[in-house]
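A structural walkthrough
Below are the chains, spelled out letter by letter.
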Amino acid sequence: MDIEERQPVPARPGPGQPAGPRSGEPDGPAVTGGPGTGRSPLARRVLIGAAVGCVVLGGVLVLLPSTGPGGAPPPSPGPVARAMTAVGAGAPAALPDLAALIGDRETHLRAHPRDDQSWAVLGTAYAEQARRTATAAYYPKAEKALRTSLDVRPKDNAAALDGLAGLAVARGDFRTAKQWGEASVKLAPKRWTAYPALVDAYTGLGDPKATRRALDRLLALRSGPVTQAVAARAYWDRGWREDAGAAIADATAGATTPSQQAAFLQQGGQLAWERGDVQESLDHYRAAVNTDPDEHGALAGQGRALAALGRTSEALRAYQTALAKRPAPRYALELGELYEKLGLPGAARVQYDLVRELVRRDAAGGVDDELVIGFLEADHGDPQEAVRRLRAEWDRQPGIAVADALGWALHRAGDDAQALTFATRTMDKEHGGEVRSALYAYHRGEIERGLGKAGPARRHLAEALRINPSFSPLLVPAAQQALAALGEPPAEGLPEPSDHEEESGAAGESGEGTGAAGAPGTAAPQPAPRPASSGPAVAPAAPRSPSAPAPGPSTVR
């Protein structure tokens, strides 16, 4: 049953507001007569003339501008209507509008507890509120509302299924998101709203072929800024940097509300950061905050970019403001590492403790923060604990990001041989490892250095600095130090292969049998990489090692 056009049940008409006709009832008095009823030719001509007049009048009304009382333009949609539209389209909604929508639906449902569509809207709004504010306590409320919608309407309830899929993505539970999203698609194949969650779910599960099929289906069913933003994420994961940038630029230009525009500007800033355009990323983040001050992710992005530009006081303020408004564990980890780079280990430890506290809080709301806590333990705590947690995460959802984190944790725990298996997977096109990531390249280079594989290590460490010369306040100096320790390649023998040659040869050199050990980003032609000197200047402080160096051959972090 296709229920694409079904809308949530509206509230009852207010005082003095006429109610529309009920389903199945005529809109006005019945017209009697017809052939054989004895109506005179004159009466028939009068009726025909009236009908033509109505058609002409209707055409004129369509051409006239819509006006309110006294010829004034009609009022713009209120906060509830704006949030309802955004939630229904899977688009970001302003926080005040979301609060208004939540209050409106809660009031409505107290009087109409059997309204399944309003339960679905309320659950989706709760999930969006949780995502935008990093308040995990909203997630259980969202799940309860969405499941209530399913209880009230167990069949043909695609809105609730879509909401549950989106909720699972927001929690980082990609396996559950896949189950709900596929159930929605099975119920309503022509309904587009399940596909954004499925694209993210398949990516998180490390299934690139399913990701591409879901994206193709989404783009065939729907166009517009929301789908372009989804496409931008998928294109980036495939190494299509120019396509990703063009898609998010189109999404930003087509945004219909400030909240949408700010979210897409923030995404554009993240893409610019990942490709090493620090000033451009800062410009995007600032524009996002100016457009919607509640786009708190852009505040943390400003902190990242400002730190790379050496404007540390501003960077610290941006991170602190972001954490105060949206206490996400990742922001606390980034701020802690910035403090460590600045030689403030006590302040860094405070942030690392905050990361653990926020992860525990999120876990109570069903949020999966295992990647964040895994990196924290690997670099600043107990690497063996990181390995234990990330192995369990890999068993649940073996995506590329998890492979990178687990490989790094194994390296930090001293098991470089096994670590290389996972680091290789992050660049294995067969398994979706096509993203050009400075972090992934750095991790692999350090693992190869620990194994004494100087050639591959040198290439991947240099590649990390080419992709983004400012990718981490701690790791950039470590990569530079590691390259200096490796020295120049030997003059005799064959010359160093190019990045393209490495794609086919590095696997054999590393001893891995996967045949996919090359550098990321070769899925589509890329411009020649810029030299590291063209990026923002790196602070001249001496490279710092993490507070808890791991055993094993590599001591540089």
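Look above for the structure.
Described in the following lines is the structure provided in the data block.

**Some thoughts on the overall build of the chain**
Looking only at helices and strands, one finds 25 helices and zero strands in the chain. Across the 557 residues in the chain, those meeting the buried criterion constitute 49%. Across the chain, every contact between residues at least 6 apart in sequence was considered, and the portion connecting residues at least 24 apart equals 62%. Accessible surface, the chain as shown: approximately 25600 Å² in total, 58% of it carbon and sulfur.

**Observations regarding the pattern of salt bridges**
Any two side chains of opposite charge can pair, given that their charged atoms come close. If you walk through the whole model with that rule in mind, you get 27 salt bridges. When salt bridges that share partners are traced, they join Glu370, Glu385, Arg388 and Arg389 into one network.

**Here we look at unusual backbone geometry**
Negative phi values dominate among residues other than glycine, just as trans dominates among peptide bonds. Unlike most non-glycine residues, Ala134 shows phi in positive territory, near 55°. Mapped onto the elements, Ala134 comes out in the loop between helix H4 (116-133) and helix H5 (138-152). Taking relative accessible area as the criterion, Ala134 reaches 13% and is therefore assigned buried. A positive phi angle, near 55°, is found at Asp156, a position not held by glycine. By the element assignment, Asp156 lies in the loop between H5 and helix H6 (158-171).

**Topic: helix H16 (residues 329-341)**
Helical geometry: 3.6 residues make up each α-helical turn, so side chains three or four residues apart lie on a common side. Spanning 13 residues, H16 covers 19 Å between terminal C-alpha atoms, matching the ideal 18 Å at 1.5 Å per step. Of all 13 residues making up H16, twelve are buried, and the element is well covered by its neighbours. All buried positions along H16 are accounted for by Pro329, Tyr331, Ala332, Leu333, Glu334, Leu335, Gly336, Glu337, Leu338, Tyr339, Glu340 and Lys341. Looking at the buried positions of H16, the neighbouring elements they touch are helix H14 (296-308), helix H15 (312-325), helix H17 (345-364) and helix H18 (370-380). Once H16 finishes, Gly343 follows within two positions and takes phi at roughly 80°, a positive value.

**Observations regarding the nonpolar core**
Within soluble globular proteins, side chains that are nonpolar tend to cluster in buried spots. Formed by 69 residues in total, the largest nonpolar core has its most connected members in Leu122, Leu167, Leu215 and Ile248. Considering every element that reaches this core, the biggest residue donor is H6, with nine residues. Counting 67 residues, the second-largest nonpolar core is a separate cluster that includes Leu376, Val387, Ala405 and Ala423.

**What to know about the packing of aromatic side chains**
In this structure the tally under the stated criterion is five aromatic pairs. Measuring from centroid to centroid gives 5.8 Å for Tyr442 and Phe471, while their planes differ by 45°, and the two rings are tilted. With Tyr442 in helix H22 (residues 438-450) and Phe471 in the loop between helix H23 (454-467) and helix H24 (475-486), this pair connects stretches of sequence that are 29 residues apart. Residues Tyr442 and Phe471 agree in their burial class; the two are buried. Cluster of aromatic residues (ring-pair linked, three or more members): Trp408, Tyr442 and Phe471.

**Re the packing of H5 against H6**
It is at 9 Å that the axes of H5 and H6 come closest, and there the two elements cross at 160°. Judged on the interaxial angle alone, H6 and H5 are roughly antiparallel. Two packed elements cross with a definite hand, and for H5 against H6 that hand is left-handed. Taken together, the residues of H6 that come into contact with H5 (itself represented by Tyr139, Pro140, Ala142, Glu143, Leu146, Arg147, Ser149 and Leu150) are Ala160, Leu161, Gly163, Leu164, Leu167, Ala170 and Arg171. Its residues placed into classes, the contact of H5 with H6 shows ten nonpolar, two polar and three charged.

**Here's the deal with the environment of Asp362**
Relative to the helices and strands, Asp362 resides in helix H17. Separated by 226 residues in sequence, Asp362 and Ala136 place their C-alpha atoms 5.3 Å apart. Contact partners of Asp362, with chain neighbours within four places excluded, come to Ala136, Pro329, Val367 and Asp369.

**What about the packing of H4 against H6?**
The interhelical angle for the contact between H4 and H6, taken along N-to-C directions, is 15°, at an axis separation of 9 Å. In terms of axis orientation, H4 runs roughly parallel to H6. H4 and H6 meet at a crossing whose hand is left-handed. Residue-level contacts link Gln117, Ala120, Thr124 and Ala127 of H4 to Ala159, Ala160, Gly163 and Leu167 of H6. Along the lines of polarity and charge, the residues of the contact of H4 with H6 split into five nonpolar, three polar and no charged.

**Some points on the environment of Asp97**
Structurally, Asp97 is set in helix H3 (residues 95-111). In this structure Asp97 touches Pro79, Arg82 and Ala83, once residues within four positions along its chain are discounted. Within the structure, the side chain of Asp97 is placed 2.9 Å from the side chain of Arg82, a separation counted as a polar contact.

**Quick notes on the side chain of His380**
Here His380 lies in helix H18. Looking at His380, its side chain comes within polar contact range of the side chain of Glu340, at 3.4 Å.

**Regarding the environment of Pro154**
Structurally, Pro154 can be placed in the loop between H5 and H6. Since its relative accessible area comes to 63%, Pro154 is described here as exposed. C-alpha of Pro154 to C-alpha of Asp116: the two residues are 38 residues apart in sequence and 9.4 Å apart in space.

Rules of the game
- Each chain has its residues counted from 1, following the order in which its sequence is written.
- Two thresholds apply to this predicted model, a pLDDT of at least 70 for residue-level local features and 80 or more for giving and counting side-chain atom pairs, whereas whole-chain, interface and lining totals are computed over all residues.
- Note that the side-chain values use all heavy atoms of the structure and ignore hydrogens as well as water.
- A helix here means a DSSP run of H or I that spans at least four residues, while a strand means a run of E at least two residues long, and both kinds are numbered starting from the N terminus.
- Note on exposure labels: buried denotes an accessible area under 20% of the residue type's maximum, exposed denotes more than 50%, and partly exposed covers the range between, all computed with a 1.4 Å probe on protein chains only.
- Residue contacts follow a heavy-atom distance rule, with two residues in contact if any of their heavy atoms lie within 4.5 Å.
- Each accessible area value is a Shrake-Rupley result obtained with a 1.4 Å probe; residue values ignore everything except the protein chains displayed when judging cover.
- A pairing counts as a salt bridge when a side-chain nitrogen of Lys or Arg comes within 4 Å of a carboxyl oxygen of Asp or Glu.
- In this scheme, a helix's expected span is set at 1.5 Å multiplied by one less than its residue total.
- The nonpolar core is taken to be a set of buried Ala, Val, Leu, Ile, Met, Phe, Trp, Tyr and Cys residues, with the residues joined through side-chain atoms within 4.5 Å.
- Stacked, edge-to-face and tilted labels apply to pairs of Phe, Tyr and Trp rings (six-membered ring for Trp) whose centres lie within 6.5 Å, assigned for plane angles under 30 degrees, over 60, and everything in between, in that order.
- For helices, the fitted axis covers only the stretch in contact; all axes are lines through C-alpha atoms, and the angles between them, taken along N-to-C directions, range from 0 to 180 degrees.
- An angle below 35 degrees is treated as roughly parallel, one above 145 as roughly antiparallel, one from 65 to 115 as roughly perpendicular, and anything else as oblique.
- Left-handed is the label given to a crossing in which the near helix is rotated counterclockwise from the far helix by less than a right angle, and right-handed is the label when the rotation is clockwise.
- In the scheme used here, Gly and all other residues not listed as nonpolar or charged are polar, with Ala, Val, Leu, Ile, Met, Phe, Trp, Tyr, Cys and Pro taken as nonpolar and Asp, Glu, Lys and Arg as charged.
- Counting of polar contacts relies on pairs of N or O atoms within 3.5 Å, with two restrictions inside protein: one atom must be capable of donating a hydrogen and the other of accepting it, and residues adjacent in sequence are counted only when both atoms are side-chain atoms.

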